[in-house]
Every structure is written in C-alpha cells, then in structure tokens.
Amino acid sequence: HSADALRTDLMTITRFVLNEQSKHPESRGDFTILLSHIVLGCKFVCTAVNKAGLAKLIGLAGETNVQGEEQKKLDVLSNEVFIKALVSSGRTCILVSEEDEDAIIVEPSKRGKYCVVFDPLDGSSNIDCGVSIGTIFGIYTLADVHEPTVEDVLLPGKKMVAAGYCMYGSSCTLVLSTGAGVNGFTLDPSLGEFILTHPDIKIPKKGKIYSVNEGNAKNWDGPTAAYVEKCKFPEDGSSPKSLRYIGSMVADVHRTLLYGGIFLYPGDKKNPNGKLRVLYEVFPMSFLLEQAGGQSFTGKERALDLVPTKLHERSPIFLGSYDDVEEIKALYAAEG
Ligand code: AHM
Ligand code: MG
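Residues numbered from 1 in each chain as written. Chains lettered and ligands numbered in written order. Predicted model: local features only at pLDDT ≥ 70, side-chain atom pairs only at ≥ 80, totals over all residues.

### A few points about the sheet that holds strand β11 (residues 262–265)
No. 1: The five strands are arranged β10-β9-β11-β13-β12 in an open sheet whose pairing can be described as mixed. The open sheet has two edge strands, β10 (242–243) and β12 (295–297), and neither has a second partner.
No. 2: Judged from the four bridges that link them, β11 and strand β13 (residues 317–320) form a sheet pairing that is antiparallel. Counted as the bridge partner of Phe263 is Leu319 from β13. (Pairing = 2+ DSSP bridges. Helix = DSSP H or I, 4+ residues; strand = E, 2+ residues; numbered from the N terminus.)

Structural data, given as structure tokens:
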C-alpha cells in the first residue's frame, strides 16, 4: 500500500460497515442505514460541542436568541438530534435515552427492527470547561416489531448486536463494534466523513493505569479498596500504576482501550450500585472491551450477563485489560 493509495482510497465508516454486512447474505442494508443516522447525530453534536465555547458570543446553549427563545442546553439539544435522526431512519422501534424517563416507542409507520439505547452527551460535568465528552450507544434487534414494549429492551448486554461511542475530544473519534472486533474512525472535518484510523483495536493484556474517582474512597467496599491499594503499593515488586481520571466515561474508557489498564466505577456504602447506567453506559462499553480482548465485571458477574429490570438501572463496573480485571475478580471472589 503506497501512501497515495491511502489518500485516494478512503475507508469511510459507511464503506467499512457495508463491507462487513456483505458477509451476511441475509443483510438488506438496514444496519448501514441505521448507522449512517447515528453518524449524522455524532457529526451534529461534534459541531455543537466545538462551538459551545463561543456560546456567550454567538448565543448558543443557555442564552436567549434573537427570536427571544431560550436556547437549548447542549445535552438537551443532542438528545433531540439523536431521537429525530433515529426515528427518521425508519429502522428503529424502541429508543432509550439517558435524558428521557420513559422509553420512546416509535410510531408504526416509521418502525424497523432495531432498538437503540444511548446516552446522547455523557460527561455533563465536563461540558462547560471544554474537557472531552461523548455519546454512547448500544443496539439490539427485536424479533417482533408489531407491539414493542419496554420489556423488549430489558435484555442482557450480550444480546447486543452492536455498540459504540463517539468522543468529542481533541479530535472526533467514533469507536464501533458489530460483534467482530473493534474499529476506530476519526472525523475528517474537511470531508465530513469518519475515516478508519484505528483498525482492529486490541486492548493490551495488562496495563499501567488505573482510573477511578478516589474522592469516594471513604465509602468503598473491601475489594475495591484493596485493589486500589495494590495499584499504588504492588506486592510483587512491579512498578505502581499511574492514576488518570477525566470524569467522562467515554474519554476514560477510550484511553483504557488504547493504552490498557482498568477503569472502575464501584458501588460504595452511599451508592451500592455505583453511578453508571446499565443499558447505555455499562453494556455498550463492556461489549466493546470484550470485543477488544479485555473484560468487564460488575463485582458479581460478567457485566454482559446482567439482566436489567428497569430502564435506568445502575451497576458497579470494573473494565479494562484482561489481567487487570482478573485481579479485581479474584479479590471479590475471595470476599465470597
Ligand atoms: P453524566 O451522565 O451525568 O454525565 O454522568 C456520567 C459520568 C461518566 O461519564 C463518568 O464516568 C462519571 O459520570 C463520573 O462520575 P464522578 O463525577 O462521580 O466521578
Ligand atoms: Mg451519562
């Protein structure tokens, strides 16, 4: 492959997914269409996020515009954009968003077989200071789209057919798995296209970084406290791990995927189920981590085995490099 070939033969995300889908003879292009609508939402949010710092100047989020209407906050705006993009794809039947209490059942004339669970703009505390934030999504297929109900989406994460996230950072990066490995695409703003830049991502087997909100340490349970202590004071003579914590799940997981290590959002005495939501935070990230050769654990079981009982359920989560997650699993197992 010459450099010229790379520059003139671009592997866009649409082309990539079309190639993948062509391996399935039964595929009729529905997934490609759904994904292109998700991609549109990501591009829109990326543009909005990049302009957010200019809000005061040009009248964006939280300001009143020329028509005297209150402008929408970035997270509300992102939610509306994704819902409209997903419904208009004609390929969805149930949508679950972090922003909406209830699931959205798509009207019959616009229904398709996919259920999409998503957090349109995760990392809300980082919006106003310009630190990386992201969108997370997971996709299920439904056998029967005639009378979809909320129960249809309360499925374990291992039933997902695809999952991904888009990080709005120093560049805009979309990471996707359709169940055959993990691939990363970077938005080329001049083309408005996501181009394959990180083919077949594999997480290092063991990492040198741990990522956790240590401000909660006072309330941690035994195994979490013991694990973090081991990261700082390893008993086997190895070097201590470095601590990195951004406070945006997408950015913390993205770094974990590329560099290796472990991300923890444990349950604690105050919040026994932690903070992160099962359907649209824990499941998609666990799906990606496993597809990249890592592991994801809830403190009790493989995260993707969990069966949620309500839409916005939370769960503790420990995900990352295979060997690092093995260690925390052993600590929880020893506790019994
Ligand atoms: P949000 O949905 O309100 O943005 O909260 C989710 C975020 C995650 O991105 C991140 O991993 C976590 O909250 C950080 O929480 P904390 O501030 O408790 O460390
Ligand atoms: Mg969130």
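### Observations concerning the site of ligand 1
No. 1: Glu98, Asp122, Gly123, Ser124, Ser125, Asn213, Gly247, Ser248, Met249, Asp252, Tyr265 and Lys275 make up every residue found near ligand 1.
No. 2: Here the shell around ligand 1 is built from residues that sort into two nonpolar, six polar and four charged. (Near = placed C-beta within 6 Å. Nonpolar A, V, L, I, M, F, W, Y, C, P; charged D, E, K, R; others polar.)

### Topic: the UniProt feature "domain: Fructose-1-6-bisphosphatase class 1 C-terminal" (unreviewed entry) in the protein
No. 1: Annotation from UniProt places "domain: Fructose-1-6-bisphosphatase class 1 C-terminal" (unreviewed entry) at residues 203–332.
No. 2: Along residues 203–332 one finds 36% helix and 12% strand; the C-alpha atoms at either end are 23 Å apart. (UniProt positions renumbered as here; feature names shortened; annotations may be inferred.)

### Overview of the sheet that holds strand β7 (residues 183–188)
No. 1: The sheet built from eight strands is open, its strands ordered β2-β1-β3-β4-β5-β6-β7-β8 with mixed pairing. Since the sheet does not close on itself, it has two edges, and those belong to β2 (104–105) and β8 (193–198), each with one partner.
No. 2: Note: strand β4 (residues 133–141) against strand β5 (residues 162–168), seven bridges, orientation antiparallel. In the sheet register, Ile136 faces β5, and the bridge partner there is Tyr165.

### Considerations on helix α9 (residues 322–335)
No. 1: Over its 14 residues, α9 extends 20 Å from the first C-alpha to the last, a length consistent with the 20 Å expected when each residue adds 1.5 Å.
No. 2: By the burial criterion, the buried members of α9 are Asp324, Val325, Ile328 and Tyr332. The buried residues of α9 occupy an angular sector of 95° when projected down its axis, which confines them to one face. Opposite the packed face of α9, turned more than 90 degrees from it, sit the exposed residues Ala330, Ala333 and Ala334. (Expected span 1.5 Å × (residues − 1). Buried ≥ 20, exposed ≤ 12 C-beta atoms within 10 Å, placed from the backbone. Arc of directions from axis to C-beta.)

### Quick look at the nonpolar core
No. 1: Among the nonpolar cores identified, the biggest contains 87 residues, and Val96, Val116, Val117 and Leu288 are the most heavily contacted of them.
No. 2: The residues touching Leu288, leaving out its near neighbours within four places in the chain, are Ala163, Val175, Ser177, Val182 and Leu257. (Core = buried A, V, L, I, M, F, W, Y, C linked by C-beta atoms within 7 Å. Contact = placed C-beta atoms within 7 Å.)

### Structural notes on unusual backbone geometry
No. 1: Backbone geometry places Asp200, a non-glycine residue, at a positive phi of 45°.
No. 2: As for its position among the elements, Asp200 is in the loop between β8 and β9 (209–211).
No. 3: Residue Asp200 is classed as exposed on the basis of its C-beta count, with 12 C-beta atoms lying within 10 Å.

### Some words on the packing of helix α3 (residues 30–51) against helix α5 (residues 74–88)
No. 1: At their nearest, the axes of α3 and α5 sit 8 Å apart, and the two run at 160° to each other. When the axis of α3 is compared with that of α5, the two are roughly antiparallel. With respect to the hand of their crossing, α3 and α5 are arranged in right-handed fashion. Of the residues in α5, those in contact with His37, Leu40, Gly41, Phe44, Val45, Ala48 and Val49 of α3 are Leu74, Leu77, Ser78, Val81, Phe82, Ala85, Leu86 and Ser88.
No. 2: Here the residues of the contact of α3 with α5 are counted per class, giving 11 nonpolar, four polar and no charged. (Axes fitted to C-alpha atoms, helices over the stretch in contact; angles between N-to-C directions. Parallel < 35°, antiparallel > 145°, perpendicular 65-115°, else oblique. Left-handed = near helix turned anticlockwise from the far one by under 90°.)

### A word on the packing of helix α6 (residues 222–232) against α9
No. 1: Contact geometry for α6 and α9: axes closest at 9 Å, N-to-C directions at 140°. Taken together, the axes of α6 and α9 are oblique relative to one another. The chirality of how α6 crosses α9 is right-handed. Contacts from Gly222, Pro223, Ala226 and Tyr227 of α6 reach α9 at Glu327, Ile328, Leu331, Tyr332 and Glu335.
No. 2: For the contact of α6 with α9, the per-class residue count stands at six nonpolar, one polar and two charged.

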